[in-house]
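Coordinate analysis (summary)
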Amino acid sequence: MATRSRFPADHGLAARMTFTMFLIGALYVAVIAALIAYHVNIGFIVILAGGLLFAQYYFSDKMALYGMGGRIVTPEEAPELHGIVDRLCALANMPKPKVAIADTDIPNAFATGRNPNNAVVCATTGIMRRLNTEELEGVLSHELSHVAHRDVAVMTFASFLGMVAGFITRFAFYSGLFGGYDRRDRDNNGAPAVAVIMLVSIVVYALSFLLTRALSRYRELSADRAGAMLTGRPSALASALQKVTGDMARIPTRDLRAAEPFNAFFFTPALANGFSISSLFSTHPSLEKRLAQLAKISTQLGQPVS
Amino acid sequence: MGLFDTILGRSKPAKPDLDELFALPSAAITLEAGMRLKPTGTGSVCVKPAEGGGFAGLREQIQQLLDADNDKYTEKTDSFGFSWITREGDGGDLSDLVADLHAVNASLQDAGFGPALLCTLVTFSGDGGAPVGLVYLYKRGTWYPFVPTGQDKRDNARELQVRAVLGSDLKIESDLSRWFPVWGAPGL
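Residues numbered from 1 in each chain as written. Chains lettered and ligands numbered in written order. Predicted model: local features only at pLDDT ≥ 70, side-chain atom pairs only at ≥ 80, totals over all residues.

1. Thoughts on the overall build of chain B
Helix and strand content of chain B: 5 helices and 8 strands. Each helix (α) and strand (β) of chain B, taken in turn from the N terminus, gives the series α-α-β-α-β-β-α-β-β-β-β-β-α. Here the C-alpha radius of gyration of chain B, 17 Å, is about what a compact globule of 188 residues would show, namely 16 Å. Considering only C-alpha atoms, chain B reaches an extent of 50 × 45 × 30 Å along its principal axes. Every one of the 188 residues in chain B was classed for burial, and the buried ones make up 42%. At a minimum sequence separation of 6, the contacts of chain B that also span at least 24 residues come to 68%. (Helix = DSSP H or I, 4+ residues; strand = E, 2+ residues; numbered from the N terminus. Rg over C-alpha atoms; globule rule 2.2 N^0.38 Å. Buried ≥ 20, exposed ≤ 12 C-beta atoms within 10 Å, placed from the backbone. Contact = placed C-beta atoms within 7 Å.)

2. What about the interface of chain A and chain B?
Contacts between the two partners involve 45 residues from chain A and, on the opposite side, 38 residues from chain B. Those elements giving two or more residues to the side of chain A that touches chain B turn out to be helix H1 (11-37), helix H4 (79-92), helix H6 (133-148), helix H9 (190-231) and helix H12 (287-302) of chain A. A per-element tally of the side of chain A that touches chain B places H4 of chain A first, with 8 residues.

3. Regarding the nonpolar core
Counting 94 residues, the largest nonpolar core has Leu88, Val121, Cys122, Leu140 and Leu144 of chain A together with Cys119 and Val135 of chain B as the members making the most contacts within it. In this structure valine 135 of chain B touches Cys119, Leu121, Trp143, Tyr144, Phe146 and Val182 of chain B, once residues within four positions along its chain are discounted. Formed by 13 residues, the second largest nonpolar core is a distinct cluster that contains Met155, Ala158, Leu211 and Tyr218 of chain A. (Core = buried A, V, L, I, M, F, W, Y, C linked by C-beta atoms within 7 Å.)

4. A short note on the confidence of the model for chain A
Residues and elements named next belong to chain A. On average, residues of chain A carry a pLDDT of 76, and 77% of them reach 70 or more. For chain A, per-element mean pLDDT is lowest for helix H11 (residues 253-259), which scores 43, and highest for strand S2 (residues 98-102), which scores 92. Across residues 180-186, confidence stays below pLDDT 50; counting only partners more than four residues off in sequence or on other chains, it has 8 contacts. (pLDDT = per-residue confidence, 0-100.)

5. With respect to the sheet that holds strand S3 (residues 109-112) of chain A
Paired through their backbone hydrogen bonds, the strands of a sheet run either parallel or antiparallel. Residue and element names in this part refer to chain A. As summarised here, the arrangement of the 4 strands in space is S1-S2-S4-S3, forming an open sheet in which the pairing is mixed. In the strand order of this sheet, the two ends are held by strand S1 (70-72) and S3, each with one partner. On average, adjacent strands in this sheet sit at an angle of 25° to one another, irrespective of strand direction. Pairing of S1 with S2 involves 3 bridges; the strand directions are antiparallel. Bridge assignment links arginine 71 to a residue of S2, and that residue is isoleucine 101. (Pairing = 2+ DSSP bridges. Axes fitted to C-alpha atoms, helices over the stretch in contact; angles between N-to-C directions.)

6. What about unusual backbone geometry?
A positive phi angle, near 55°, is found at asparagine 93 of chain A, a position not held by glycine. Look at arginine 36 of chain B: it is not a glycine, yet its phi comes out positive at around 55°. Summarising the element assignment, arginine 36 of chain B is placed in the loop between helix H2 (24-35) and strand S1 (38-47). Given 13 C-beta atoms within 10 Å, arginine 36 of chain B falls into the partly exposed group.

7. Quick look at the pairing of strand S5 (residues 132-137) of chain B
Residue and element names in this part refer to chain B. Among the 6 residues in S5, 6 count as buried, and that is most of the element. Judged by which residues are buried, S5 turns out to be covered on both faces: Val132, Leu134 and Tyr136 on one side and Gly133, Val135 and Leu137 on the other are all buried. Examined bridge by bridge, strand S4 (residues 117-125) and S5 share 6 bridges and lie antiparallel to one another. Bridging from a neighbouring strand, threonine 123 pairs with glycine 133 of S5. Bridge count between S5 and strand S6 (residues 142-146): 5 bridges; the pairing is antiparallel. Looking at S6, one finds that valine 135 is bridged to tyrosine 144. From the end of S5 to the start of S6, which pair antiparallel, there are 4 residues, and glycine 141 there has a positive phi angle of about 70°.

8. Examining the packing of H2 of chain B against helix H5 (residues 156-166) of chain B
Residue and element names in this part refer to chain B. As a packed pair, H2 and H5 sit with axes 9 Å apart at the nearest point and diverge in direction by 120°. Classified by the angle their axes make, H2 and H5 are oblique. Read as a crossing pair, H2 and H5 show a hand that is right-handed. Contacts between H2 and H5 involve Ala27, Thr30, Leu31, Gly34 and Met35 from the first element and Gln161, Val162, Val165 and Leu166 from the second. Its residues assigned to classes, the contact of H2 with H5 comprises 6 nonpolar, 3 polar and no charged. (Parallel < 35°, antiparallel > 145°, perpendicular 65-115°, else oblique. Left-handed = near helix turned anticlockwise from the far one by under 90°. Nonpolar A, V, L, I, M, F, W, Y, C, P; charged D, E, K, R; others polar.)

9. Considering helix H3 (residues 60-68) of chain A
Three- or four-residue spacings in an α-helix give side chains the same orientation, since the helix completes a turn every 3.6 residues. Residue and element names in this part refer to chain A. Along H3, the positions that sit buried rather than exposed are Ser60, Asp61, Ala64, Leu65 and Met68. Projected down its long axis, H3 carries its buried residues within an arc of 125°, all on one side. With its phi angle positive at about 70°, glycine 69 sits one or two positions after the end of H3. (Arc of directions from axis to C-beta.)

10. Section: the pairing of strand S4 (residues 120-124) of chain A
All names here are of chain A. Of all the 5 residues making up S4, 5 are buried; the element is thus mostly covered by neighbouring parts of the structure. Of the two faces of S4, the one lined by Val120, Cys122 and Thr124 and the one lined by Val121 and Ala123 are each fully buried. Note that S2 and S4 share 5 bridges and pair parallel. In the sheet register, isoleucine 101 faces S4, and the bridge partner there is alanine 123.

Here it is, written out as structure tokens:
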């Protein structure tokens, strides 16, 4: 009997993700072409945005921990959490990340860090209270998949253009306002060029925002999938999702706002269900979509041994 | 994981490597000569049971396979939800034990549950101290010693001693951060 895998690849998901990335790449090309065509020198802006994003990327683990009030714990302090992470890392053959606990009642977990060797996985006391061992394991395997997929690096790269476009919009606005742009610019493009640049930047910013959000949703589905493959228990992850998102609706708004900047790497976004703007703008796929995918994996697992 | 997998956000489940398991019998001789430690005859396979009928059916097959042998087999689930399939016997024939453990591993792998294998554990004792466990990590193809001495406490000095003795016989895990403890494992 030949060795076989119980987890066929999901080509549809890979194709959608590739297409989104292709669009982001096309946007990059279009922006560079426009900049060359209009002889605009934005070296300063690119360096500024690049520097900011690099700092965000490089210190992502410390920033996220600080922002959430997470504390790195030793195996003696949290033997159960460490035990789960130990075993998952041994199953997946990946280096063990730092393990942290955030003392807050918001049921959530996140993983961040620029590469698997500098990653940190953090669970809140709220999620540990609400979930049983199996469900917590499902959540942690989802977070470890984010680490393995290097989602911090991918999302930083994908959001770079949006950030640059946002900066250009602001700079063009102010220089247009004070009429100073054409004096500094060697090619003397004048006010119409500033207006064009501003318009282009706004469009680029909007497109890039939508595309990175779409990409983020695909990365979440990928992490769900890889997490379920790691534990072999998609249903435990599904049940954890249901518990956590159900509870989310009851969080007071003040806490929500404080937690919002870290949404991208959360297990579920810290926004109440009633506040859903539109599926286009959300960083996470809908609960139904995630549950449907996990149910599919569960069916594949249930096939008897031939 | 390659660049392509990173870009597509997919990780392939790590495949187990069973070959290094057969290095154990010769290492046991070295261990007895160097530290007066003898195999206790207890060995176990730790696996993460997947949900659904596929794994349950496989479990029955393994049970039949093991029942055919006269040795004593038990199966228990630990607090992390992992399943330990344990074979207990006398310490006389270690290669027999290794062959049995390999049979369990191979049948799991053939059924597509290779990624679910966590570790194999073989225990040694006899020098008057706490029993010593040798843990085999499938995904890395390496061994490491584990000597628990009480609730959440392990004897690192003895573990390093075992590594020094066995260094040339077994592929010992070089990354110490991967010597993760398996508290309450059978035979320890």
